[in-house]
Amino acid sequence: MRLVLVGPPGAGKGTQAQFIASNLSIPKISTGDIFRANVSGGTELGKLAKTYMDRGDLVPDEVTIAMVRDRLSEEDAQDGFLLDGFPRNVPQAEILRDMLKDWEQKLDLVLELVVDDEEVVRRLAGRRTCSQCGRIWHVEFDDKRDDICDVCGGTLFQRDDDKEETVRHRLEVYQQQTSPLIRFYAEEDILVGVDATGPVEEVTQRAMKAIRPYAG
Ligand code: ADP
Ligand code: ADP
């Protein structure tokens, strides 16, 4: 199964990606996570990406695409993958399509997580991430007042780009650059929308129900 998750920042892509990828036994490939790992590791890629991420802008396409090409070439991605956060504009989607075609592969499904702006802002304002295992939490919805991860005991942190100013800009970037993907994939006839409101487990169930018919 070759699957892409799209939706605005805060829609719950990362949260759902953890469960969907594990249900389908495919690797979860999150470009945001790969960039953040490079930033913490102090690599050249990380230094470059950080300047864009801090502003809430997209990292240039050539850098992002080269990184995704390398990741998709790895052994574990040959029989399927779940992409979270890529593609994020139409040029990336076109290159992904051509890249997969060269490898005699294609996307099976693009799942759009649908939530309104108000909910997105609430979700981003309370998002916390575990510095040790990467699991995503929410201060209010998961009642995480102690800043400790229930899964591994690691310390939770707030992402720099979840500060209010940057969030507003990221939402604009989504509207301008990423949302045209909805139409692009609808025209390719591989887009399915899922209501992403309500408890996490319910959203996962809705997503799995939408995915199953395509999972072969
Ligand atoms: P969110 O989960 O809030 O949607 P991500 O973790 O996916 O955010 O991405 C964080 C940042 O990483 C983005 O704001 C952008 O700077 C960079 N990034 C991630 N994926 C891409 C991509 N496909 N193209 C360009 N930049 C990206
Ligand atoms: P994205 O990857 O799309 O930016 P995340 O998965 O990081 O979104 O989720 C953003 C925030 O919203 C996190 O704090 C997460 O715990 C929370 N969240 C995700 N799904 C739900 C949900 N169904 N209900 C409430 N909060 C959610």
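Just above sits the structure.
Going along each chain's sequence as written, the residues are numbered from 1 onward. To read the labels, note that chains go from A and ligands from 1, taken in the order they are written. This being a predicted model, a pLDDT of at least 70 is required before a residue's local features are given, and a value of 80 or more before pairs of side-chain atoms are given or counted; all residues contribute to the totals for chains, interfaces and linings. Based on all heavy atoms of the structure, the side-chain values leave hydrogens and waters out of the count.

P87 follows F86 through a cis peptide bond whose omega is -5 degrees. Labels follow the DSSP assignment, with helices taken as runs of H or I lasting at least four residues and strands as runs of E lasting at least two, numbered in each case from the N terminus. Looking at where P87 falls in the secondary structure, it is placed in the loop between β3 (81–84) and α5 (90–102). In this structure, D189 is a non-glycine residue whose phi angle is positive, near 65 degrees. On the secondary structure map, D189 appears in the loop between α8 (180–187) and β8 (191–195).

All right, on to the site of ligand 2 then. Here a residue counts as near a molecule or strand whenever at least one of its heavy atoms sits within 4 Å of it. Taken together, 18 residues surround ligand 2, and among them G10, T15, R127, W137 and G198 come closest. Definition of a polar contact: a pair of N or O atoms within 3.5 Å, with one able to donate and the other able to accept a hydrogen when the atoms are protein atoms, and with sequence-neighbouring residues admitted only if both atoms are side-chain atoms. Between ligand 2 and the protein, one listed contact pairs an oxygen atom with a backbone N or O atom of A11 at 3.2 Å. Between K13 and ligand 2, the recorded distance is 2.8 Å, taken from a side-chain N or O atom to an oxygen atom. Here the Shrake-Rupley method, with its probe set to 1.4 Å, supplies the accessible areas, and only the displayed protein chains count as covering residues. Contact with the protein chains covers 93% of the free accessible surface of ligand 2, which is 560 Å². Mapped onto the shell around ligand 2, the elements with two or more residues apiece are α1 (13–24), β6 (136–138) and α9 (200–211). A class-by-class count of the residues in the shell around ligand 2 yields nine nonpolar, six polar and three charged. Three residue categories are used. Nonpolar comprises Ala, Val, Leu, Ile, Met, Phe, Trp, Tyr, Cys and Pro, charged comprises Asp, Glu, Lys and Arg, and polar comprises the others, including Gly.

The next subject is helix α7 (residues 164–178). Every helix has an expected span of 1.5 Å times one less than the residues it contains. With 15 residues, α7 extends 20 Å from end C-alpha to end C-alpha; this agrees with the ideal 21 Å at 1.5 Å per step. Burial in α7 covers these residues: T166, V167, R170, L171, V173, Y174 and T178. Seen along its axis, α7 keeps its buried residues to an arc of 160 degrees; they face one direction. Facing away from the buried side of α7 by more than 90 degrees, the exposed set consists of E164, E165 and Q176. Of the surrounding elements, those touching the buried residues of α7 are α3 (44–55), α6 (117–125), β5 (127–130) and α8. Only protein chains enter the accessibility calculation, which uses a 1.4 Å probe; a residue is then buried when its area is under 20% of its type maximum, exposed when over 50%, and partly exposed in between. Arc, as used here, means the arc of the directions from the helix axis to the C-beta atoms. Contacts between residues were defined by any pair of non-hydrogen atoms, one from each residue, lying within 4.5 Å.

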